[in-house]
Amino acid sequence: MPFEKLPMEYLYNVINHGGPAVGKSPNMPYWGLTMGQQGVADVIAYLKVTFKGIPDVTAVGDGAQAGVCVQPRKTAKASEDFISKTNPFPFSSHSIQAGKELFLRTAQPIACVMCHGEQGDGKGLMGAALVPPPRNFTCGMMMREIPDGQLFWIIKNGSSGTGMMAFPGLPDEQVWQLIHYIRSLAK
Ligand code: HEC
């Protein structure tokens, strides 16, 4: 189902009341409490606008595509000066833990887990409705081919025409922590 056809009420309930409200995992936290009513409305408005006019290229159904290992990537390439950047922070348990916290809970306007899933396999609650599906970070075969600078650039700027929104408000250090966490998920 293309994202824009998801009933508004479903989205509202998922984000605001958590998974159990729509019969999904109780692990889905109650975003309404952390984001507030306006935050929830903003996220829905953002997603609605973003998804208008995206051709329904594939019928994903219930996330049939989500979680496949090597995904076809049409994602725009970062500019040369970005793509050659490497993570300046050490790959330590401290930075991985900091990245995990952002990924699962604190990244604004919406935590990565909502789309990329608790395991980072692209099977998040909102991810199932997205075409193209969220990147599956557990797929080492694919992730090893994507340079740090590319990941950094997409997190900061988003991937236009897809559900991957921009996170321009994240300080560089936090983006690098997220990248360490994402890398730690690859099998
Ligand atoms: C609303 C859903 C959504 C949220 C929230 C989201 N993503 Fe994504 N993400 C996607 C989708 C969809 C793609 C696939 C985009 C594409 O194929 O171009 C993606 C792709 C990516 C990629 C792959 C870039 C590449 O070059 O292949 C990275 C890295 C990424 N996301 C990181 C994050 C991080 C970190 C967060 C949280 C700070 C996050 N995403 C939040 C939906 C989301």
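### Some words on the packing of helix α7 (residues 148-157) against helix α8 (residues 172-184)
Next, step 1: Look at α7 against α8: their axes get within 10 Å of each other, and the N-to-C directions meet at 120 degrees. Classified by the angle between their axes, α7 and α8 sit oblique to one another. Along this stretch, α7 crosses α8, giving a crossing that reads as right-handed. From α7, Asp148, Leu151, Phe152, Ile155 and Lys156 reach across to α8, where they touch Val175, Leu178, Ile179 and Ile182.
Next, step 2: Its residues assigned to classes, the contact of α7 with α8 shows seven nonpolar, no polar and two charged.

### A short note on the site of the ligand
Next, step 1: Among the 25 residues in the neighbourhood of the ligand, the closest are listed as Thr75, Cys112, Cys115, Ser159 and Met164.
Next, step 2: Of all the secondary-structure elements, those providing two or more residues to the shell around the ligand are α5 (113-116) and α7.
Next, step 3: For the shell around the ligand, a count of residues per class yields 17 nonpolar, six polar and two charged.

### Here we look at α8
Next, step 1: For α8, which comprises 13 residues, the first-to-last C-alpha distance of 19 Å matches the rise-based estimate of 18 Å (1.5 Å per residue) to within 8%.
Next, step 2: Taken residue by residue, α8 has Val175, Trp176, Gln177, Leu178, Ile179, His180, Tyr181 and Ile182 as its buried positions.
Next, step 3: Buried positions along α8 lie against α4 (93-106) and α7.

### Observations regarding the environment of Glu118
Next, step 1: Tracing the sequence through the fold places Glu118 in the loop between α5 and α6 (140-143).
Next, step 2: Once the C-alpha coordinates of Glu118 and Phe103 are considered, the two residues, 15 residues apart in sequence, prove to be 8.8 Å apart.

Calculation rules
Residues numbered from 1 in each chain as written. Predicted model: local features only at pLDDT ≥ 70, side-chain atom pairs only at ≥ 80, totals over all residues. Axes fitted to C-alpha atoms, helices over the stretch in contact; angles between N-to-C directions. Helix = DSSP H or I, 4+ residues; strand = E, 2+ residues; numbered from the N terminus. Parallel < 35°, antiparallel > 145°, perpendicular 65-115°, else oblique. Left-handed = near helix turned anticlockwise from the far one by under 90°. Contact = placed C-beta atoms within 7 Å. Nonpolar A, V, L, I, M, F, W, Y, C, P; charged D, E, K, R; others polar. Near = placed C-beta within 6 Å. Expected span 1.5 Å × (residues − 1). Buried ≥ 20, exposed ≤ 12 C-beta atoms within 10 Å, placed from the backbone.

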